[in-house]
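Each chain, letter by letter, is given below.
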Amino acid sequence: VHPRAIEYFNGPAALEQLLATIAARIDRNDDPIQGDEAKCVTWRGDIMCGDEYILAQDVPENADTESHAASALSWQALQTGNRGSIRNRSNRPQAVFRLVKPNEHEETVAYVNRILSFVFAAEESFDILMRLPKEPFTMSCGNQLCIHLTHISVDG
C-alpha cells in the first residue's frame, strides 16, 4: 500500500474497508495486485455502461467478460424497452463502485482500476497514469471488467 493512500483515507481503517469491498467482488483465489499476470481478475461488482449504473445483483452471473456483460445488458435493454447504445465502444462496461470520499458527504462513482492504481502503484507509475484522461484506464487484456493492476495500459 502506498503511503499516499493511507494519508488520503485518513489512516488504515477506511482504506481496509475499501479494500475489503473490492476483495468481496472478485474470486477469492484472485489477486489483482500480485497475481498471475497472464490471468484476468474479473470484477463481479457494480458496473457502469455508458451513463447507466448497474448494481452487481442486476449483472448476469455469466458476465465474466465485458462482451458477456454487454450482450446480457443489451438483451436486458431490449426486454425493458431501453434501446440505448449499449454496444457503442464508448459504452463498454466498466468496473465501478460507490464510495464517499474522505471529507465529503455525497457518494461518488469510482472506477476500480483507478482506485487500485492510487492505492498500490509506485510513484513513478502513478505519475504516468495520472497523465491519462480522467476516465477508467484501458486494460491491455481487452477486458474492461478485469481489475488486474498489471493489465492497465499506459498507452491511453
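See the structure printed just above.
Worth saying up front: this structure is predicted, and the values here are computed from it rather than measured.

**As for the pairing of strand β4 (residues 107-111)**
Where strand β3 (residues 94-100) and β4 come together, five bridges link them in antiparallel fashion. Within the sheet, the bridge partner assigned to Val-100 lies in β4 and is Glu-107. With antiparallel pairing between neighbouring strands as the criterion, β3 and β4 make up a hairpin whose turn holds six residues, including Asn-103 at a positive phi of roughly 65°.

**Brief notes about the pairing of β3**
The buried fraction of β3 amounts to five of the seven residues, a majority that puts the element mostly inside the structure. Bridging between strand β1 (residues 47-49) and β3 involves two bridges; their strand directions are antiparallel. Bridging across to β3, Ile-47 finds its partner in Ala-95.

**Re the packing of helix α2 (residues 12-23) against helix α4 (residues 112-120)**
For the pair α2 and α4, interaxial distance at closest approach is 12 Å and the crossing angle is 135°. The orientation of α2 with respect to α4, classified from their angle, is oblique. Once α2 is placed against α4, the crossing between them reads as left-handed. Facing Leu-15, Leu-18, Leu-19 and Ile-22 of α2, the residues of α4 in contact are Val-112, Ile-115, Leu-116, Val-119 and Phe-120. For the contact of α2 with α4, the per-class residue count stands at nine nonpolar, no polar and no charged.

About the criteria used
- Residues numbered from 1 in each chain as written.
- Predicted model: local features only at pLDDT ≥ 70, side-chain atom pairs only at ≥ 80, totals over all residues.
- Heavy atoms only, no water.
- Pairing = 2+ DSSP bridges.
- Helix = DSSP H or I, 4+ residues; strand = E, 2+ residues; numbered from the N terminus.
- Buried < 20%, exposed > 50% of the residue type's maximum accessible area, 1.4 Å probe, protein only.
- Axes fitted to C-alpha atoms, helices over the stretch in contact; angles between N-to-C directions.
- Parallel < 35°, antiparallel > 145°, perpendicular 65-115°, else oblique.
- Left-handed = near helix turned anticlockwise from the far one by under 90°.
- Contact = heavy atoms within 4.5 Å.
- Nonpolar A, V, L, I, M, F, W, Y, C, P; charged D, E, K, R; others polar.

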